[in-house]
Amino acid sequence: MAICSPSSESSSATSGRAWIVHALVAGAAVAVGAHAAAYFKWFRKGRSRVVGIIPARFASSRFEGKPLVHILGKPMIQRTWERAKLASTLDHIVVATDDERIAECCRGFGADVIMTSESCRNGTERCNEALLKLGKHYDIVVNIQGDEPLLEPDIIDGIVRALQVGAPDAVFSTAVTSLKPEDGLDPNRVKCVVDNHDYAIYFSRGLIPYNKSGKVNPQFPYLLHLGIQSFDSKFLRIYPQLPPTPLQLEEDLEQLKVLENGYKMKVIKVDHDAHGVDTPEDVEKIEALMRERSIS
């Protein structure tokens, strides 16, 4: 039986029925979240053992087979794996995939591979399944995006240390960088706002904060969310049990389910020029940057 849950109810329901469903979901989430919070508080201990998991799937509406696309002669998934291996805080790294073509490729360059279900709805659920199948104890799980072959190892170390030292009351940590004004209205560039202690307040595909003019303010320090994130391993096991939440469903952002259930999320700010691969056209841009930086 698949560990990952099936996809949520179709969006074709009427608006009135959708609001009723949202209300019921929110109520269930509160109940499950309260139980999970108590469970987590009781069992939380030191966070020393860390595993990095790179979720990778072949199917993609915008770029099928993306993990296997070659970037200056190497599959993108290999370049991501090699960057992750440079991080000092990871005790182990695995690739979690539902496709044998990706698995065979990864084994070929020496990566450990965990096969996961096709029914995983996002990278977090795939990480959870991989963690269960690993059968070893880890305190922190780092979800490493497989489509950022130029990810800085220091960012991995930063979000791990945020949970180890900087925020023992958080169950989740992630990273943000400065948002370029030209990306302010791009729904594929996820924005983030934080409080005075660098805990996440909200994530959105829209421009946040939004001003009266409805335009990007070039003087405001908007924050761009980077895909990499880390979890307390006990919370990661709880996450799939939490019902989908209204904001999560509306924005299609899994981080919001964490916040809507009252958990704390630590955010670190980094200086990183994000270069993910979302479409085939992005490959040439990445290769040009790598040539500039003399990365072989």
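Here the structure is shown first, and the text comes after it.
Calculation notes
- Residues numbered from 1 in each chain as written.
- Predicted model: local features only at pLDDT ≥ 70, side-chain atom pairs only at ≥ 80, totals over all residues.
- Heavy atoms only, no water.
- Core = buried A, V, L, I, M, F, W, Y, C linked by side-chain atoms within 4.5 Å.
- Buried < 20%, exposed > 50% of the residue type's maximum accessible area, 1.4 Å probe, protein only.
- Helix = DSSP H or I, 4+ residues; strand = E, 2+ residues; numbered from the N terminus.
- Salt bridge = Lys/Arg side-chain N within 4 Å of Asp/Glu carboxyl O.
- Phe/Tyr/Trp six-rings, centres within 6.5 Å; stacked < 30°, edge-to-face > 60°.
- Lys NZ or Arg CZ within 6 Å of the ring centre and 35° of its normal.

**Considerations on the nonpolar core**
For step 1, the next point in the chain: The biggest cluster of nonpolar side chains holds 34 residues, and the ones touching the most others in it are Leu-90, Cys-106, Val-142, Ile-144, Ile-156 and Ile-228.
For step 2, the next point in the chain: Elements that contribute at least two residues to this core include exactly β1 (50-56), α2 (76-84), β4 (92-97), α3 (100-108), β6 (140-143), α5 (153-166) and β10 (223-232).
For step 3, the next point in the chain: Broken down by element, the residue count for this core peaks at 6 residues, all from α5.
For step 4, the next point in the chain: With 33 residues, the next largest nonpolar core counts Ala-96, Val-176, Cys-192 and Leu-253 among its residues.

**Observations regarding the pattern of salt bridges**
For step 1, the next point in the chain: One pass over the full model with this rule turns up 14 salt bridges.
For step 2, the next point in the chain: Taking the shortest distance from any N to any O, the salt bridge between Asp-147 and Lys-66 comes out at 3.0 Å. Linking Asp-147 in the loop between β6 and α5 with Lys-66 in the loop between β1 and β2 (70-71), this pair joins segments that are 81 residues apart in sequence. An identical accessibility class is assigned to Asp-147 and Lys-66; each is buried.
For step 3, the next point in the chain: Here Lys-74 and Glu-82 are joined by a salt bridge, their closest N and O atoms 3.2 Å apart.
For step 4, the next point in the chain: By relative accessible area, which is 25% here, Glu-82 ends up partly exposed.

**Quick word on the packing of aromatic side chains**
The geometry of two aromatic rings is summed up by the distance between their centres and the angle between their planes.
For step 1, the next point in the chain: Scanning all chains against the criterion turns up 5 aromatic pairs.
For step 2, the next point in the chain: Between Phe-235 and Tyr-239, the aromatic rings sit 6.3 Å apart at their centres with planes inclined by 70°, giving edge-to-face as the arrangement.
For step 3, the next point in the chain: Taking relative accessible area as the criterion, Tyr-239 reaches 1% and is therefore assigned buried.
For step 4, the next point in the chain: In this structure an aromatic cluster arises from ring pairing among Phe-235, Tyr-239 and Tyr-263.
For step 5, the next point in the chain: Between the NZ or CZ atom of Lys-257 and the centre of the ring of Tyr-239, over which it lies, the distance is 4.0 Å.

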